[in-house]
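Inside the fold
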Amino acid sequence: MQLPTIPKIRRLPKKHKITAAGAAAATAVVLAVTGLQATDGSTAVAVGDPTGFSVSSGDQVKSLSAGSGMASQRAIADQANAQKKAAADAAAKKKAAADAATAKKKADEKAAADAAAKKKAAADAAAKKKAADAAAKRAKEKAAANRSTTRSTTTTAAATTTYANNLDGWIKESLSVMAQHGIPGTYDGIYRNIMRESSGNPQAINLTDSNAAAGIPSKGLLQVIDPTFSAYHVSGTSSNIYDPVANITAACNYAAARYGSIDNVNSAY
């Protein structure tokens, strides 16, 4: 078997030897730097390069330590701001709740005060009405007592007076009783109405009008129906509707209540 021919190794000149050695040294430096990069995982930077130029990539490399510090400071500041905002929100919420409680308390107090004032006003009004009613009752009782005294005195005096048993006497006696009870009316007013209603007949009775149709005919000198006579009968006079004095006095009492006086009556009433 024929062995391959081994080429002859050319000897380098001295100058080339020096150049090759320099290249080998440069390669060793690069490999060393690359090895350091692989070991710590950081980007290789040219030794002594103040600009931070990467040997492997040829790019400018920024310092990570300074950037990380600034990001940390910003995070701390953001957290502090968030805490301040949360505290401010909580304080505002607490204040709003306190204000609402204060407003409710004031509203409740006002409602209670209004209710108390209303209750007091009602009590005062009731007390005032009670006092007024009591005063009116006393005044009424006093007036009744005075009328009773006056009536008793007048009746005693009238007992000594004698009236003729005719229309003139009946009217005059009725006027005397009316004066005792404060019933208004004059001789002329009574006489005029008697003449129109009964022509002076104390036993007159109307059996044709609406009252008669209702079963309550008008009777006597001033044509009074039984219900009116009973309602306006004046004490001290006869209970007989046909009695002249009783009939005149009851009719005048009714006319005073409804028309102000018998003098104001100019037609059927």
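Below is a summary of the structure that appears in this document. (Residues numbered from 1 in each chain as written. Predicted model: local features only at pLDDT ≥ 70, side-chain atom pairs only at ≥ 80, totals over all residues. Heavy atoms only, no water.)

1. Let's talk about the packing of aromatic side chains
Working definition: an aromatic ring pair is given by the centre-to-centre distance plus the angle between the planes. Basically, it comes down to this: For Phe, Tyr and Trp, where Trp contributes only its six-membered ring, two rings pair if their centres lie within 6.5 Å, and the inter-plane angle classes them as stacked under 30 degrees, edge-to-face over 60, or tilted in between. In this description a helix means any DSSP run of H or I spanning at least four residues, a strand means any run of E spanning at least two, and both kinds are numbered starting from the N terminus. Residue burial is assigned from relative accessible area. The probe radius is 1.4 Å, only protein chains are included, and a residue is buried under 20% of its type maximum, exposed over 50%, and partly exposed in between.
If you walk through the whole model with that rule in mind, you get two aromatic pairs. Both rings, one in tyrosine 187 and one in tyrosine 191, keep their centres 6.4 Å apart while their planes meet at 10°; by these two values the pair is stacked. Linking tyrosine 187 with tyrosine 191, this pair stays in helix α4 (residues 187-197), spanning four residues, or about one helical turn. On the basis of relative accessible area, tyrosine 187 is assigned to the partly exposed category, the value being 29%. Accessibility expressed as a relative area gives 38% for tyrosine 191, which makes it partly exposed. Ring centres 5.3 Å apart and planes at 70° place the aromatic pair tyrosine 232 and tyrosine 254 in the edge-to-face group.

2. Points about α4
Counted only if it meets this: This arc corresponds to the set of directions leading from the helix axis out to the C-beta atoms. Throughout, a contact is declared for two residues whenever any of their heavy atoms are within 4.5 Å.
Within α4 the residues assigned to the buried category are Gly189, Ile190, Asn193 and Ile194. Seen end-on, α4 carries its buried residues on one side only, within an arc spanning 125°. Packing partners of the buried residues in α4 comprise α3 (167-181) and α7 (244-259). One or two residues past the end of α4 sits serine 199, with phi positive at roughly 60°.

3. Some remarks on unusual backbone geometry
Here serine 199, not a glycine, exhibits a phi torsion of approximately 60°, which is positive. The phi dihedral of glutamine 223 is positive, around 50°, even though this residue is not glycine. Following the sequence through the fold, glutamine 223 ends up in the loop between α5 (210-213) and α6 (226-232). For glutamine 223, a relative accessible area of 13% corresponds to the buried category.

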